[in-house]
Amino acid sequence: QVRLVESGGGLVQAGDSLRLSCAASGGIFSRYTMGWFRQAPGKEREYVTTINRAGDSSYYADSVKGRFTVSRDNSKNTVYLQMVALRPEDTAIYYCAAALGPYSHYQEPSEYDYWGQGTQVTVSS
């Protein structure tokens, strides 16, 4: 059983930056493709980004491309989400997720096997 714990959320102003972390335990971290999703009030969970097991390939939703950067440190069992130029529409609960499957990119929540509890990001205008 893999446990994922996100941290780093908070209240920031538009244009600010924030870095989220997701620490994993209970499994072999380097075997998991990792993803970040977000969910705003009244909306469905939205795909943000994926990073492959080695950390040398990543994918992004168009809404965050050029502003968000995903990375991972397999020696620390942690995946990061660096967010810059934040906008009010980025306000959401951000979740990290782990997928055991063989591919380097998963975009659907149903493709992930483990989820964190989420961390709130609020961007004021």
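Residues numbered from 1 in each chain as written. Predicted model: local features only at pLDDT ≥ 70, side-chain atom pairs only at ≥ 80, totals over all residues. Heavy atoms only, no water.

A closer look at the environment of Asp113
Point 1. Examined against the element boundaries, Asp113 turns out to sit in the loop between β9 (92–99) and β10 (114–115).
Point 2. Judged by its relative accessible area of 41%, Asp113 falls in the partly exposed class.
Point 3. As for Asp113 and Ala98, which are separated by 15 residues in sequence, their C-alpha atoms are 5.8 Å apart.
Point 4. Look past the residues within four positions of Asp113 in its chain and what remains in contact with it is Ala98, Ala99, Leu100 and Gly101.
Point 5. At 2.7 Å, the side chain of Asp113 forms a polar contact with the backbone nitrogen of Leu100. (Helix = DSSP H or I, 4+ residues; strand = E, 2+ residues; numbered from the N terminus. Buried < 20%, exposed > 50% of the residue type's maximum accessible area, 1.4 Å probe, protein only. Contact = heavy atoms within 4.5 Å. Polar contact = N/O pair within 3.5 Å; in protein donor to acceptor, adjacent residues only side chain to side chain.)

Considerations on the pairing of strand β3 (residues 18–25)
Point 1. As defined by bridge partners, strand β1 (residues 3–7) adjoins β3 across five bridges and the pair is classed as antiparallel. Within β3, the position partnered with Val5 by the bridge is Ala23.
Point 2. Bridge count for β3 against strand β8 (residues 78–83) is six bridges, and the pairing is antiparallel. Paired with Ala23 across the strands is Thr78, a residue of β8. (Pairing = 2+ DSSP bridges.)

Considering the pattern of salt bridges
Pairing between side chains of opposite charge can happen when the charged atoms of each approach one another.
Point 1. If you walk through the whole model with that rule in mind, you get four salt bridges.
Point 2. Put simply, Arg67 and Asp90 hold a salt bridge, and the shortest N to O gap is 2.7 Å. Here Asp90 lies in the loop between β8 and β9 and Arg67 lies in the loop between β6 (58–60) and β7 (68–73), a separation of 23 residues in the sequence.
Point 3. In this structure, a network of salt bridges that share partners links the residues Arg38, Glu46, Arg67 and Asp90. (Salt bridge = Lys/Arg side-chain N within 4 Å of Asp/Glu carboxyl O.)

Some remarks on the state of the cysteines
Between two cysteines, a covalent bond joining their sulfur atoms is known as a disulfide.
Point 1. A complete count under the given rule lists one disulfide for this structure.
Point 2. One disulfide bridge connects Cys22 with Cys96, the sulfur atoms lying 1.9 Å from each other. Handedness here is read from the sign of the S-S torsion; for Cys22 and Cys96, about 45 degrees, the answer is right-handed. On the criterion of sequence distance, the pair formed by Cys22 in strand β3 and Cys96 in strand β9 is long-range, its members being 74 residues apart. Accessibility classification places Cys22 together with Cys96 in one group, the buried group. (Disulfide = S-S within 2.5 Å.)

Quick notes on the nonpolar core
Point 1. Residues Leu4, Met34, Trp36, Leu81, Met83 and Tyr94 are the most contacted members of the largest nonpolar core, which totals 35 residues.
Point 2. Mapped onto this core, the elements with two or more residues apiece are β3, β4 (33–39), β5 (46–51), β7, β8, β9 and β11 (119–124).
Point 3. When residues of this core are assigned to their parent elements, the largest contribution, six residues, is made by β9.
Point 4. Excluding residues that lie within four positions of it along the chain, Leu4 makes contacts with Cys22, Ala23, Ala24, Met34, Cys96, Ala97, Ala98, Tyr114, Trp115, Gly116 and Gln117. (Core = buried A, V, L, I, M, F, W, Y, C linked by side-chain atoms within 4.5 Å.)

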